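Inside the fold
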Amino acid sequence: MNKVDTISINQRVSQVEGNIVSDMDGEKVMLSVANGKYYNFGVLGGEIWSEIKEAITIQALITKLVGRYDVTEKECEEQTMAFLNQLAAEGLIRLDE
């Protein structure tokens, strides 16, 4: 899936397989074998990436993050959805109903 018009908070999200992922100084970095691009997810993006190793609803992901960080649910949802939209645009995640 390379283009996504709208991601719903009720969808399940998971990683697309076939990427090389490593930790560098506490930040998660990845090389996409499929598109030959390198990504630095940072600390928080890396945590989201780890959480979506197994399929999880976006709502459950947001609930986990709100429980760990001092952030409002609305702010967490906005930032998480923006990050997931970027991953979807790069074809790095799978979205299911």
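Residues numbered from 1 in each chain as written. Predicted model: local features only at pLDDT ≥ 70, side-chain atom pairs only at ≥ 80, totals over all residues. Heavy atoms only, no water.

1. A short note on helix 2 (residues 58-68)
By the burial criterion, the buried members of helix 2 are Ile58, Leu61, Ile62 and Leu65. Taken end-on, helix 2 shows its buried residues confined to a sector of 95 degrees, consistent with a single buried face. On its buried face, helix 2 is in contact with strand 1 (12-15), helix 1 (42-51), strand 5 (56-57), helix 3 (73-89) and strand 6 (93-96). (Buried < 20%, exposed > 50% of the residue type's maximum accessible area, 1.4 Å probe, protein only. Helix = DSSP H or I, 4+ residues; strand = E, 2+ residues; numbered from the N terminus. Arc of directions from axis to C-beta. Contact = heavy atoms within 4.5 Å.)

2. Topic: the side chain of Ser14
Within the secondary structure, Ser14 is located in strand 1. Overall, Ser14 belongs to the buried group, its relative accessible area being 6%. Excluding residues that lie within four positions of it along the chain, Ser14 makes contacts with Ile52, Glu54, Ala55, Leu92, Ile93 and Arg94.

3. Overview of the environment of Leu84
For Leu84, the location among the structural elements is in helix 3. Distance in space between the C-alpha atoms of Leu84 and Ile7 is 8.2 Å, their sequence separation being 77 residues. Contacts of Leu84, omitting those with residues within four sequence positions, involve Ile7, Val13, Ile48, Ile58, Leu61 and Ile93.

4. So, the packing of aromatic side chains
Going through the model one piece at a time under the given rule, you end up with three aromatic pairs. Aromatic side chains Phe41 and Phe83 sit 5.7 Å apart centroid to centroid with 85 degrees between the ring planes, which places their arrangement in the edge-to-face category. With a gap of 42 residues between them, Phe41 in strand 4 (residues 38-41) and Phe83 in helix 3 connect regions that are remote in the sequence. Residue class for Phe41 comes out buried when judged on its relative accessible area of 10%. Cluster of aromatic residues (ring-pair linked, three or more members): Tyr39, Phe41, Trp49 and Phe83. (Phe/Tyr/Trp six-rings, centres within 6.5 Å; stacked < 30°, edge-to-face > 60°.)

5. A short note on the layout of surface pockets
Taken as a whole, the largest pocket holds about 160 Å³ of empty space. Lining the largest pocket, in full, are Leu44, Gly45, Ile48, Leu65, Tyr69, Val71, Cys76, Gln79, Thr80 and Phe83. Those elements that provide at least two residues to the lining of the largest pocket are helix 1 and helix 3. It is helix 3 that provides the largest number of residues to the lining of the largest pocket, a total of four residues. (1 Å grid on protein atoms, 1.4 Å probe; cavity = no way out; pocket = protein on both sides within 12 Å on 5 of 7 lines; lining within 4 Å. Points joined across faces, edges and corners; volume = space filled by probe spheres on them.)

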